[in-house]
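These are the residues of each chain, in order.
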Amino acid sequence: STAYAHKGFALLPDALRLAIQRRSDLRAIIRVADAPKSAAPAIDQLQAMAPQVRLVHGALSEERFYQILTDADGVVLPYDPDVFAKRSSQILAQAAALGRPVVVIAGSFLDDECRSAGISAVTAEAYTAAALGGALVRFAMEREKLAKAAWAAGPIHRERHSASAFVDRLLSFGRSCEVVE
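Here goes a summary of the coordinates provided. (Residues numbered from 1 in each chain as written. Predicted model: local features only at pLDDT ≥ 70, side-chain atom pairs only at ≥ 80, totals over all residues. Heavy atoms only, no water.)

The helix and strand inventory of the chain stands at eight helices and five strands. For a compact globule of 181 residues, the expected C-alpha radius of gyration is about 16 Å, and the chain comes in at 18 Å, within 12% of that figure. Overall, the C-alpha framework of the chain stretches about 65 × 35 × 35 Å when taken along its three principal axes. Taking all 181 residues of the chain together, the buried fraction comes to 42%. In the chain, the proportion of contacts linking residues at least 24 apart, taken out of those at least 6 apart, comes to 67%. Carbon and sulfur atoms make up 55% of the accessible area of the chain, which totals about 10,300 Å². Treating the 21 positive side-chain charges of the chain as one cloud and the 20 negative ones as another, the clouds have centres 5 Å apart. (Helix = DSSP H or I, 4+ residues; strand = E, 2+ residues; numbered from the N terminus. Rg over C-alpha atoms; globule rule 2.2 N^0.38 Å. Buried < 20%, exposed > 50% of the residue type's maximum accessible area, 1.4 Å probe, protein only. Contact = heavy atoms within 4.5 Å. Areas by Shrake-Rupley, 256 points an atom, 1.4 Å probe, with all protein chains shown as cover. Lys, Arg positive; Asp, Glu negative; His and termini not counted. Charge placed at Lys NZ, Arg CZ, Asp CG, Glu CD.)

Okay, structure coming up:
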């Protein structure tokens, strides 16, 4: 995603450093697109963590995006809960539909959605690098169990986010509206 602070980009260097210290097998691919100048220090820190951390710069074709997502063991969505208290992210639905577990921040809409929709997730209990690093370690420790649950739920999430399900919800909503004459 875009390397914006409200999407947790600034948390990644310290969080990954903490997690890699505890789990040397941990690897991350981070997409850096349209990075503002303020993200340059974080980008430099992440680049210094190679080979455990690999940055993918610039725009991705749809095919390349889905290849990276499909190859991933999980998706980290460390979005600021103050900004994302009522906002979701398309990649949450994409990850769930592809059977990929996620790491989210407590108090965000994404966390609420994971809990209510049964999306396989690990939750960082605060919007801090330390909490995110701890969540990444928990993810690595529980990876197989999370992956199995996410894969099993993938078909449910694909149906839930299909065009026909959307139309069904619209029609249901329309039928539930009162007609005022």
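Moving on: unusual backbone geometry. In this chain, Ala50 is followed by Pro51 through a cis amide linkage whose omega measures 10 degrees. By secondary structure assignment, the location of Pro51 is in the loop between helix H2 (40-47) and strand S2 (53-57).

Let's shift gears to empty space enclosed by the protein. Tallied over the full model, the rule gives one cavity of 30 Å³ or more. Taken as a whole, the largest cavity encloses approximately 30 Å³ of empty space. The wall of the largest cavity is formed by Ala96, Arg100, Ile119, Ser120, Ala150, Ala153 and His157. Here the lining of the largest cavity gets three residues from one element, more than from any other, and that element is helix H7 (residues 143-160). Its residues assigned to classes, the lining of the largest cavity shows four nonpolar, two polar and one charged. (1 Å grid on protein atoms, 1.4 Å probe; cavity = no way out; pocket = protein on both sides within 12 Å on 5 of 7 lines; lining within 4 Å. Points joined across faces, edges and corners; volume = space filled by probe spheres on them. Nonpolar A, V, L, I, M, F, W, Y, C, P; charged D, E, K, R; others polar.)

Moving on, we get to the layout of surface pockets. In this structure, the largest pocket occupies an estimated 1,300 Å³ of space. Lining the largest pocket are 45 residues; nearest its centre among them are Ile29, Ile30, Gly74, Val75 and Val76. Of all the secondary-structure elements, those providing two or more residues to the lining of the largest pocket are helix H1 (12-22), strand S1 (28-32), S2, helix H3 (62-71), strand S3 (75-77), helix H4 (90-97) and helix H6 (129-141). With six residues, the single largest contributor to the lining of the largest pocket is H3. Grouping the amino acids of the lining of the largest pocket by side-chain chemistry returns 26 nonpolar, eight polar and 11 charged.

Right, let's get into the nonpolar core. Membership of the largest hydrophobic core comes to 32 residues, with the highest contact counts inside it found for Phe9, Leu16, Ile30, Leu46, Val53, Leu132 and Leu136. When contributions to this core are tallied by element, the ones reaching two or more residues are H1, S1, H2, S2, strand S4 (102-105), strand S5 (121-124) and H6. Per-element tally for this core: the top contributor is H6, with eight residues. Once residues within four sequence positions are removed from consideration, Leu16 is found in contact with Leu26, Ala28, Ile30, Leu46, Met49, Val53 and Leu136. Tyr79, Leu92, Leu110 and Cys114 belong to the second largest nonpolar core, which has 14 residues in total. (Core = buried A, V, L, I, M, F, W, Y, C linked by side-chain atoms within 4.5 Å.)

At a closest axis distance of 10 Å, the pairing of H3 and H4 adopts a crossing angle of 60 degrees. Between H3 and H4, the interaxial angle falls into the category oblique. Remark: the crossing between H3 and H4 carries right-handed chirality. Across the interface between the two elements, Phe65, Tyr66 and Leu69 from H3 touch Ile91, Gln94 and Ala95 from H4. Each residue belonging to the contact of H3 with H4 can be placed in one class, and the counts come to five nonpolar, one polar and no charged. (Axes fitted to C-alpha atoms, helices over the stretch in contact; angles between N-to-C directions. Parallel < 35°, antiparallel > 145°, perpendicular 65-115°, else oblique. Left-handed = near helix turned anticlockwise from the far one by under 90°.)

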